[in-house]
Amino acid sequence: MSRFKRAGNVDSLAGFRTPKLETAVPYGLLKAARKSGQLNLSGRGLTEVPQNVYRLNIDEPAEAQENVSFGGSDRWWEQTDLTKLLLSSNQLTQLSEDIKLLPALTILDLHDNQLSTLPSALGELQELLELRLSHNKLSSLPTEVCSLNNLRSLTLQQNLLETVPEEIGELGNLTELDLSNNLLKHLPSSVGHLSALQKVSLCHNKLSSLPDSLGQLANVKLLDCSHNQLTDVPDSLAGMLALEQLYLRHNNLRRLPQLPAPALREVFAGNNQLELLEAEQLTCLSAVTLLELRDNKIRNLPEELMLLLTLTRLDLTNNDISTLPASLSLLPNLKVLLLEGNPLRGIRKELLAKGTSDLLKYLRGRIKEEAVGAAGPTAMTLPSEGLVNTHNIKTLKTLEYSNKQAAMVPDEVFDAAGHQAIISVNFSRNQLTTFPPRLLELRSSLSDINLGFNRLSSCSADICSLQQLTHIDLRNNQLTDLPSEMKNLSKLRCIVLNYNRFSSFPEALYQIVTLETVMLGNNQVGGVDPSRLRQLLSLSTLDLSNNDLLRVPPELGLCTSLRCLSLEGNPFRTPRVAIVAKGTDAVLEYLRSRIPT
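This text gives an overview of the structure that appears in the document.

Conventions we followed
As a convention, each chain's residues are numbered from 1 in the sequence order in which they are written. Confidence filtering applies because this is a predicted model: local features only for residues at pLDDT of at least 70, side-chain atom pairs given and counted only at 80 or more, and all residues used for totals across whole chains, interfaces and linings. The basis for the side-chain values is all heavy atoms of the structure; hydrogens and waters are excluded. Only DSSP runs of H or I with at least four residues qualify as helices, and only runs of E with at least two residues qualify as strands; both kinds are numbered from the N terminus onward. In what follows, a contact means two residues having at least one pair of non-hydrogen atoms within 4.5 Å. Every accessible area reported is derived by Shrake-Rupley at a probe size of 1.4 Å, with residue values counting cover from the shown protein chains alone. Here the term buried applies to any residue with accessible area under 20% of the maximum for its type, exposed to any over 50%, and partly exposed to those in between, with areas from a 1.4 Å probe on protein chains only. Polar contacts, as counted here, are pairs of nitrogen or oxygen atoms within 3.5 Å of one another; within protein the pair requires one atom able to donate a hydrogen and one able to accept it, and residues that are adjacent in sequence qualify only if both atoms are side-chain atoms. Here a Phe, Tyr or Trp ring, Trp counted by its six-membered ring, pairs with any other such ring whose centre lies within 6.5 Å, and the pair is stacked when the planes are under 30 degrees apart, edge-to-face when over 60, and tilted otherwise. Geometrically, a charge over a ring is one whose NZ (Lys) or CZ (Arg) sits within 6 Å of the ring centre while staying within 35 degrees of the ring normal.

## So, the overall build of the protein
A tally of regular secondary structure across the protein gives twelve helices and 21 strands. Taking as baseline every contact in the protein between residues at least 6 positions apart, the subset at least 24 positions apart corresponds to 37%. Accessible area of the protein: about 27,200 Å², with a carbon and sulfur share of 49%.

## Digging into unusual backbone geometry
The step from Thr574 to Pro575 runs through a cis peptide bond, and the omega angle for that step is 0°. For Asp295, which is not a glycine, the phi torsion comes out positive at approximately 55°. The phi dihedral of Asn546 is positive, around 55°, even though this residue is not glycine.

## A short note on the environment of Gly557
By secondary structure assignment, the location of Gly557 is in the loop between strand S20 (541-543) and strand S21 (564-566). Assessed through its relative accessible area of 0%, Gly557 is described here as buried. Note: C-alpha distance between Gly557 and Tyr590 (33 residues apart in sequence) is 7.5 Å.

## Quick look at the side chain of Asn272
Mapped onto the fold, Asn272 is located in the loop between strand S10 (266-268) and helix H4 (279-283). Residue Asn272 is classed as buried on the basis of its relative accessible area, which comes to 4%. Looking at Asn272, its side chain comes within polar contact range of the main-chain oxygen of Leu248, at 3.0 Å. There is a polar contact of 3.2 Å between the side chain of Asn272 and the backbone nitrogen of Asn251.

## Focus: the packing of aromatic side chains
With the rule as written, the count across this model stands at three aromatic pairs. Ring centres 5.7 Å apart and planes at 85° place the aromatic pair Phe414 and Phe427 in the edge-to-face group. Note that Phe414 is positioned in helix H9 (residues 411-417) and Phe427 in the loop between strand S15 (424-426) and strand S16 (448-450), a separation of 13 residues in sequence. The cationic tip of Arg429 hangs over the ring face of Phe453; the distance from NZ or CZ to the ring centre is 3.9 Å.

Keep in mind that these numbers describe shape and distance, not what the molecule does.
This is the structure we're talking about:
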């Protein structure tokens, strides 16, 4: 029998079912729910929750009135408490206080309804882990909800909330809080007590400031404050040491926040009022890979920008930049530089249109011209210096031998590195068919390797000896698999495998738990294992575009760490193109709705 006591003092008339409600929930569905503990009533056009749903674990089922064989499989007396109730995408305008008759619920999904109020009885569901209330008409949140001590996820986006109760700080186990797309003008300082939070979304509100207490959230990895009215960000946010992704788009910020967050990888600060990039702010961004500053009023780029050695993408579209420092080309990992819409002098529009690679090549040429001019006609060059840029080796710890169409990397290139602690190697755009063996000499320091645009048909297991690797770029080769030993690369965060010949998701990647970015677009991948992908808890970007996926497993929607999932260009029929076009969140939500219950 149920481990929860049957509720006493229950209205004896509450169990009578009207014909209208009887037809709303097929009896077979209720019968199955008693066995499984799960009931999915999403998208059934319900205007209210049938009473027999609330009383599922209280009323004796019809089988109890029948002559039941004790040897039968349908043992009604062995029913399971209802733990999962899905009521999304209906037309519910209210939820009865009788929800307290389902005290075993761990998941209650009420998103996409017409709810304007919630019953105080919600506070009695002490087993609740997830409460989904997005896309309703709620103008307030009952304080009783804040007594749900086990709650892990509270999603309230797309409502009409103007305030959040101070008591919200009592949800000490909450890891996800989504308050986006509401009418909030301020947040209670008690949010700083939500010490377990990892994901906070506050975008599309009317916030003009953030509480200082937000800086106490030392476990938050993602903070989204886009589309508000912020003019500044409190210095206390420096206490958010786990922060990896910060969204500040579409506010009124005049300066970048100074955040010494050691894990901060992505900063989105487009569509603000930024005019100056200050040295102090930039030097804090020691781990940043993506910096979006588009649609601001930035005029100059300071030299400190060159200290962002991990930067791969820099978006400066639509600013007031007139001159571009040639030293920008020395950023060792910069792959995408967007500058359209700036009044640049001395750089033709045709050059900008050619893309990042040609632009950086042009800027590197300017550095060489300046160096020749400064050195004078008598300067001598050693043979090894003719092959590589010794300035890059000594100051940026970068070894580059790219765009040579060479079948092998000359020994002189490695000799030039000497005893320098090289952290980045770029041997892209050559004709390499094998892994350069002398790369192993750099194993103690090498963290970034680019062997893209070569002719590699296999990836040598030697690469697995490079234990410091965090980023591997093998795009545009002829690879069909990766060595199993690659699972031992315990620091690897990003791997780029676009335009190869993979027919399946590489087995080794499922076992690299540190992975944050996997780029597998333009291959022939026919399937992925979502249960194994879910074990990659840091995976935020997954590119599977232009492959041979005939089916997208619904369980992929449970990979909640994903912020960017690319599926376009595959032959699957569902999700439909229109859903894919809406973006990652819409795709994941759709996939979750298709999981069989």
